[in-house]
Amino acid sequence: MTKLLNGNQLASEIKKEILKKIEKNILHKKKRIPHLGIILTGNSSSSITYVNSKIKECKNIGIKSSLVHLPSYSLEKDLLKEIEKMNKNPLIDGFIVQLPLEKHINQDNIILSINPKKDVDGFHPENFGKMALEMKSFYPATALGILTLLEKNKIKIHGKYIVVIGRSKIVGKPISILMTRKTYPGNGTVTLTHSNTPNIENYTKQADIIIVAVGIPGFLKGKMIKKGSIIIDVGINTIKNKKKILGDVDFHSVYGKASYLTPVPGGIGPMTRVMLLKNTLKAALLNR
Ligand code: GUN
């Protein structure tokens, strides 16, 4: 029997907790409501969809959001100018630059220019480095969402063998770092696999927990996993024309063999969005 890990339900419970914190620490003290800035470049339909859902989540919970949408032909210096405005604006508590960027823009220069105190994505090297050194900082939302979903469902990672598929800076690298931390939740043993790992199934067949974030629909098949393993699907692949979203896990062959599985949609997606809200509130409480 496979149990589906419901991210929607948990995310709405966490939103209630965030709301209570906003009431207690912000509204009752007559402080300004938290304010998230979002910078979006270009016309990628998936980036526009992600950003719209982040704005909607903010609105639902009473966090203010401001979107700056730059056209795809904008230059790196145009984007840097908008980042500098957000860095300097005392009314913005934290902000994100939606990734990926247009090819002519250097992503490293962009991330380096974000004030680490406002980096609610946790992508700036100062925050990422602190995370790797097990210091307090902003941690990337998807990784936090995965850890929270496991923790709230009482799934231990301590002593488990975890295989992460995909080494992205947004998901694969941060979740690998967080799961091996010498703290709770942590103490997992992680193998980070990627597009140059030969015979990935040699690793996945041994794994207690598999996290798939490769952006290839149906990549992880039932025959690649051990019976009773826990499968976390981070994929959000839009199937054009069909208006359907597919995960990186081949649901039909994995369902029934895994003990737990995150659905797509309704698994890691809502958990990621709620963790961005949590980081925004954290920035508002830290920075003022
Ligand atoms: N693109 C895909 N996921 C993310 C995310 O978590 N943050 C940003 N800024 N861009 C993304």
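Residues numbered from 1 in each chain as written. Predicted model: local features only at pLDDT ≥ 70, side-chain atom pairs only at ≥ 80, totals over all residues. Heavy atoms only, no water.

Once that is clear, we can look at the sheet that holds strand S4 (residues 94-97). With parallel pairing, three strands are arranged side by side in an open sheet as S3-S2-S4. Each edge of the open sheet is held by one strand with a lone partner, namely strand S3 (64-70) and S4. Strand-to-strand twist across the sheet, computed as the mean angle between neighbouring axes with direction ignored, equals 15°. Summarising the sheet, strand S2 (residues 35-41) and S3 pair through seven bridges and their orientation is parallel. For isoleucine 38, the partnering residue across the bridge sits in S3 and is leucine 67. (Pairing = 2+ DSSP bridges. Helix = DSSP H or I, 4+ residues; strand = E, 2+ residues; numbered from the N terminus. Axes fitted to C-alpha atoms, helices over the stretch in contact; angles between N-to-C directions.)

Pairing is parallel across the open sheet formed by six strands, whose spatial order is S1-S11-S8-S7-S5-S6. Here the strands that pair on one side only, and so sit at the sheet edges, are strand S1 (3-4) and strand S6 (189-193). Pairing of S1 with strand S11 (residues 260-261), which is carried by two bridges, proceeds in the parallel orientation. Along S11, the bridge assignment pairs leucine 4 with leucine 261.

This paragraph deals with the environment of leucine 75. Looking at where leucine 75 falls in the secondary structure, it is placed in the loop between S3 and helix H3 (76-88). Under the relative-accessibility criterion, leucine 75 is labelled partly exposed at 43%. Sequence spacing of leucine 75 and valine 212 is 137 residues, and the spatial spacing of their C-alpha atoms is 33 Å. (Buried < 20%, exposed > 50% of the residue type's maximum accessible area, 1.4 Å probe, protein only.)

Taken together, Lys54, Val97, Gln98, Leu99, Asp121, Phe123 and Ile170 form the complete shell of residues around the ligand. At 2.8 Å from a nitrogen atom of the ligand is found a main-chain nitrogen or oxygen belonging to valine 97. Leucine 99 is positioned with one of its backbone polar atoms (N or O) 2.9 Å from a nitrogen atom of the ligand. If the ligand stood free it would expose 280 Å²; the protein chains cover 86% of that surface. Here the ligand is seated within the largest pocket. Residues that form the shell around the ligand fall into these classes: four nonpolar, one polar and two charged. (Near = heavy atom within 4 Å. Polar contact = N/O pair within 3.5 Å; in protein donor to acceptor, adjacent residues only side chain to side chain. Areas by Shrake-Rupley, 256 points an atom, 1.4 Å probe, with all protein chains shown as cover. 1 Å grid on protein atoms, 1.4 Å probe; cavity = no way out; pocket = protein on both sides within 12 Å on 5 of 7 lines; lining within 4 Å. Sits in = over half its atoms within 2 Å of the grid points. Nonpolar A, V, L, I, M, F, W, Y, C, P; charged D, E, K, R; others polar.)

Next up on the list: a nonpolar patch on the surface. Together, Leu4, Phe251 and Tyr255 make up an exposed nonpolar region whose accessible area comes to about 260 Å². Structurally, the position occupied by phenylalanine 251 is in helix H9 (residues 251-254). (Patch = residues over 30% accessible without salt bridge, like charges linked within 9 Å, V, L, I, M, F, W, Y side chains within 5 Å. Salt bridge = Lys/Arg side-chain N within 4 Å of Asp/Glu carboxyl O.)

Of the positions making up helix H5 (residues 125-132), those classed as buried are Asn127, Phe128 and Met131. Considered in projection along H5, the buried side chains sweep an arc of 95° and stay on one side of the axis. Contact partners of the buried residues in H5: helix H7 (172-179). Looking at the residues trailing H5, positive phi occurs at glutamate 134, about 60°. (Arc of directions from axis to C-beta. Contact = heavy atoms within 4.5 Å.)

On to the packing of helix H6 (residues 141-152) against helix H10 (residues 268-287), then. Between H6 and H10, the shortest axis-to-axis distance is 8 Å and the interhelical angle comes to 110°. Judged by the inter-axis angle, H6 sits roughly perpendicular to H10. Pair H6 / H10 crosses with right-handed handedness. Side by side, H6 and H10 meet where Ala141, Thr142, Leu144, Gly145, Ile146, Thr148 and Leu149 of the first sit next to Ile268, Met271, Thr272, Met275, Leu276 and Asn279 of the second. Here the contact of H6 with H10 is composed, by residue class, of eight nonpolar, five polar and no charged. (Parallel < 35°, antiparallel > 145°, perpendicular 65-115°, else oblique. Left-handed = near helix turned anticlockwise from the far one by under 90°.)

Time to look at the layout of surface pockets. Here the largest pocket is characterised by a volume of approximately 1300 Å³. Looking at the largest pocket, it is lined by 48 residues, and the ones nearest its centre are Tyr50, Gln98, Leu99, Val234 and Ile236. Of the residues forming the lining of the largest pocket, the biggest block, seven residues, is contributed by helix H2 (residues 45-61). Each residue belonging to the lining of the largest pocket can be placed in one class, and the counts come to 21 nonpolar, 20 polar and seven charged. By volume, the second largest pocket is sized at about 750 Å³. Residue assignment for the lining of the second largest pocket shows that the elements contributing at least two residues are helix H1 (7-27), H5, H6 and H10. For the lining of the second largest pocket, the residue count by class is 13 nonpolar, five polar and eleven charged. (Points joined across faces, edges and corners; volume = space filled by probe spheres on them.)

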